[in-house]
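Tertiary structure, described
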Amino acid sequence: EVQLLESGGGLVQPGGSLRVSCAASGFIFSSYAMSWVRQAPGKGLEWVSTISGSGDTTYYADSVKGRFTISRDNSKNTLSLQMNSLRAEDTAVYYCAKTFSGSYRSAFDIWGQGTMVTVSS
Amino acid sequence: DIQMTQSPSSLSASVGDRVTITCRASQTISNYLNWYQQKPGKAPKLLIYSASGLQSGVPSRFSGSGSGTDFTLTISSLQPEDFATYYCHQSYSLPLTFGGGSKVELK
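Fair warning: this is a prediction, and the values are worked out from it, not measured in the lab.

1. A few points about the pattern of salt bridges
Following the criterion strictly, the structure yields 9 salt bridges over all chains and no others. The salt bridge involving Arg61 of chain B is made with Asp82 of chain B; its shortest N-O contact spans 2.8 Å. One end of the pair, Arg61 of chain B, is in the loop between β6 (53-54) and β7 (62-67); the other, Asp82 of chain B, is in the loop between β8 (70-75) and β9 (85-90), with 21 residues separating them in the sequence. In this structure, a network of salt bridges that share partners links the residues Arg38, Glu46, Arg67 and Asp90 of chain A.

This is the structure:
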């Protein structure tokens, strides 16, 4: 069964750091670009970042560029998002998502259950 | 950035109704348009990819159409499990963007 399982969410103070992870199973992880999409409470979906299957190309939304870093370990089938200089507006459920094809120009066909990140003092 | 505008933002419908949701892109995106269903407290679920491709396992009452800037998601006969929020998503260019959502509620 194809599955994504996020972990690492929690409460962090403004200006702090947090790392969320996503464990993938059931597919050839290295063949697919992977993304993070977030959803603030009661709001819509917002794309955050995408990484190529090999890990050598990354893309970021302007709202997180320079603060967040996406990475992957294809030997462990794991996707990560390192979040630094967190702000209140980063509070959201963070979903990892698999792309339908190998490129970012594709739908997200598999989603994790999400992990909640709350930035508050 | 490509803006995605969905309409309506909410609608009330009855079981058996035909429901249509529209998504308009601020510039042409060819057929790089995807539709998702999200229920409260759950992750989004892919329904339609590339404007009209039905994702495996999704009931055939869901269909998508359109190309360029104007797209439509149609539910031919609304079922109780279809009450949810629906989002369009363009994967034509970065930054990837979503519509604001269309909530389908029980009349």
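2. What about the side chain of Gln55 of chain B?
Mapped onto the elements, Gln55 of chain B comes out in the loop between β6 and β7. Assessed through its relative accessible area of 14%, Gln55 of chain B is described here as buried. Other than its neighbours up to four places away in sequence, Gln55 of chain B contacts Phe100 and Asp109 of chain A together with Leu46, Leu47 and Tyr49 of chain B.

3. What to know about the interface of chain A and chain B
Taken together, the contact between chain A and chain B spans 19 residues of the former and 18 residues of the latter. Of the roughly 1,700 Å² buried where chain A meets chain B, counting both sides, 66% is carbon and sulfur surface. It is Leu45, Trp47 and Arg105 of chain A in chain A that bury the most area against chain B; as a group they hold 35% of the surface buried on that side. Counting the contacts that link chain A with chain B gives 0 salt bridges. On the surface where chain A and chain B come into contact, there are 6 residue pairs in polar contact (both at pLDDT 80 or more). Taken together, the elements giving at least two residues each to the side of chain A that touches chain B come down to β4 (34-39), β5 (45-51) and β10 (108-111) of chain A. Sorting elements by how many residues they give to the side of chain A that touches chain B places β5 of chain A first, with 4 residues.

What counts, and at which threshold
In this convention, every chain numbers its residues from 1, walking through the sequence in written order. Naming scheme: in the order in which they are written, chains are lettered from A and ligands are numbered from 1. The predicted origin of the model limits local features to residues at a pLDDT of at least 70 and limits the giving and counting of side-chain atom pairs to 80 or more, whereas totals for whole chains, interfaces and linings rest on all residues. Hydrogens and waters are ignored; side-chain quantities use all the structure's heavy atoms. What makes a salt bridge here is a side-chain nitrogen of Lys or Arg within 4 Å of a carboxyl oxygen of Asp or Glu, nothing more. Counting from the N terminus, the helices are the DSSP runs of H or I reaching at least four residues and the strands are the DSSP runs of E reaching at least two. We call a residue buried when its accessible area falls under 20% of the maximum for its residue type, exposed when it is over 50%, and partly exposed in between, using a 1.4 Å probe and counting protein chains only. The contact criterion used throughout is that any non-hydrogen atoms of two residues lie within 4.5 Å. The term buried area means the drop in 1.4 Å probe accessible area that two parts suffer when joined, counted for both and summed. In the analysis that follows, any N or O atom pair within 3.5 Å is treated as a polar contact, provided that within protein one partner can donate a hydrogen and the other can accept it, and provided that, for residues neighboring in sequence, both atoms belong to side chains.

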